[in-house]
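Coordinates in review
Below, each chain spelled out in residue letters.
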Amino acid sequence: MRQDPGGPHLRSGQVARQAGVNPQTLRYYERRGLIAEPARSPGGHRAYPPETVTLLTVIKAAQRLGFTLDEVAELIDTGRRGHPTPDLRARAQAKIAEVDARIADLTTIRTALTQVVTAGCDSLTNCTCPDCPLPYSGLTTGRTPAEDRPS
């Protein structure tokens, strides 16, 4: 960190290292408007205020919670206006619904895979196990799994 008449500033590498991102990410976020374009030192180096590290940490945390960069940008923009809005709460509730749907999908996938393992399936297209749970095992013959099973 160096001290200027305008206050302390960090170079790109320092900001990136402290925030746990790479310098290309830093520049990308600048282009996207997530972080402000920094001032330049007399030597032409980017000179970021220390708050940039905090903002980057918030952006990364929001991404880990499932928010897209577009959503993060909108939330940051709303926050920059200086007045509270219910936007974050509503978006968090929508994210919870998305997460619940993904959990349900993953649970269905896990159940199906467990059935495949338990049944001893040996092929997607020509399974020889007696109670094949795969819905498309008869695809190559044009038959349904029920038609492939002996009566």
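About the criteria used
In this numbering scheme, every chain counts its residues from 1 along its sequence in written order. pLDDT decides what is reported in this predicted model: residues at 70 or higher carry local features, side-chain atom pairs at 80 or more are listed and counted, and totals for whole chains, interfaces and linings draw on all residues regardless. Side-chain measures here rest on the full set of heavy atoms in the structure, leaving out hydrogens and waters. All axes are obtained by fitting lines to C-alpha atoms, using only the stretch in contact for helices, and the reported angles, taken between N-to-C directions, cover 0 to 180 degrees. Each helix is a run of DSSP H or I of at least 4 residues and each strand a run of E of at least 2, with the numbering of both proceeding from the N terminus. Working rule for angles: under 35 degrees goes down as roughly parallel, over 145 as roughly antiparallel, 65 to 115 as roughly perpendicular, anything else as oblique. Working rule for contacts: check all heavy atoms of both residues, and any pair within 4.5 Å makes them a contact. Within this analysis, patches are made of residues with over 30% relative accessible area and no salt bridge. Like charges are joined at 9 Å or less; nonpolar side chains (Val, Leu, Ile, Met, Phe, Trp, Tyr) at 5 Å or less. Surface exposure here means Shrake-Rupley accessible area, sampled with a 1.4 Å probe, where a residue is shielded only by the protein chains that are shown. The salt bridge criterion pairs a side-chain nitrogen of Lys or Arg with a carboxyl oxygen of Asp or Glu, the two atoms within 4 Å. Throughout this description, buried means an accessible area under 20% of the type-specific maximum (1.4 Å probe, protein chains only), exposed means over 50%, and partly exposed covers the range between. Residue count minus one, scaled by 1.5 Å, sets the expected span of a helix. The criterion is simple. A nonpolar core is a set of buried Ala, Val, Leu, Ile, Met, Phe, Trp, Tyr and Cys residues joined through side-chain atoms within 4.5 Å. Here a crossing is taken to be left-handed if its near helix is turned anticlockwise relative to the far helix by less than a right angle, and right-handed if that turn runs clockwise. Gly falls in the polar group here, along with every residue not listed as nonpolar (Ala, Val, Leu, Ile, Met, Phe, Trp, Tyr, Cys, Pro) or charged (Asp, Glu, Lys, Arg). Arc definition: it is the arc formed by the directions from the helix axis to the C-beta atoms.

Let us now look at the packing of helix 1 (residues 12-19) against helix 2 (residues 23-32). The geometry of helix 1 relative to helix 2 is characterised by a closest axis approach of 8 Å and an angle of 100 degrees between their N-to-C directions. By the angle between their axes, helix 1 is roughly perpendicular relative to helix 2. Facing helix 1, whose interface residues are S12, V15 and A16, helix 2 presents P23, L26 and R27.

Turning to a nonpolar patch on the surface, a few remarks are in order. There is a patch of nonpolar side chains on the surface, built from L106, I109 and L113 and spanning about 310 Å² of accessible area. Locating L106 in the fold gives a position in helix 5 (residues 87-119). With relative accessibility at 57%, the residue L106 sits in the exposed group.

The terminal C-alpha atoms of helix 5, which comprises 33 residues, lie 48 Å apart, in line with the 48 Å expected from a rise of 1.5 Å per residue. Positive phi appears at G120, one or two residues downstream of helix 5, with a value of about 80 degrees.

Attention shifts here to the pattern of salt bridges. For the structure shown, the criterion picks out 5 salt bridges. Of the charged contacts in the structure, one is a salt bridge between D70 and R32, with a shortest N-O distance of 2.3 Å. Residue D70 is found in helix 4 (residues 69-80), and its partner R32 is found in helix 2; the two are separated by 38 residues along the sequence. The partly exposed category is assigned to R32, whose relative accessible area is 31%. Here E71 makes a salt bridge to K95, at a shortest N to O gap of 3.0 Å. One end of the pair, E71, is in helix 4; the other, K95, is in helix 5, with 24 residues separating them in the sequence. Ionic contacts of the salt-bridge type, sharing partners, join the residues E71, K95 and E98 into one network.

The biggest cluster of nonpolar side chains holds 19 residues, and the ones touching the most others in it are V15, Y29, L34, I35, L56, I59 and V72. Taken together, the elements giving at least two residues each to this core come down to helix 1, helix 2, helix 3 (51-64) and helix 4. Those residues in contact with I35 that lie beyond four places of it in its chain are L26, Y29, E30, Y48, T52, L55, L56, I59 and R80. Core analysis: the second largest hydrophobic core is formed by 5 residues, C121, C129, C132 and L134 among them.

The subject of this paragraph is the packing of helix 3 against helix 4. Between helix 3 and helix 4, whose axes approach to 10 Å, the crossing angle comes to 135 degrees. If you check the angle between helix 3 and helix 4, you find them oblique. Crossing of helix 3 over helix 4 shows right-handed handedness. Residue-level contacts link L55, I59, A62 and Q63 of helix 3 to L69, V72, I76 and R80 of helix 4. Residues that form the contact of helix 3 with helix 4 fall into these classes: 6 nonpolar, 1 polar and 1 charged.

Restricting attention to buried positions, one finds in helix 2 the residues T25, L26, Y29 and E30. Seen end-on, helix 2 carries its buried residues on one side only, within an arc spanning 145 degrees. Opposite its buried face, helix 2 presents the exposed residues Q24 and R31, each directed more than 90 degrees away. Residues of helix 2 that are buried in the fold lie against helix 1, strand 4 (46-47), helix 3 and helix 4.

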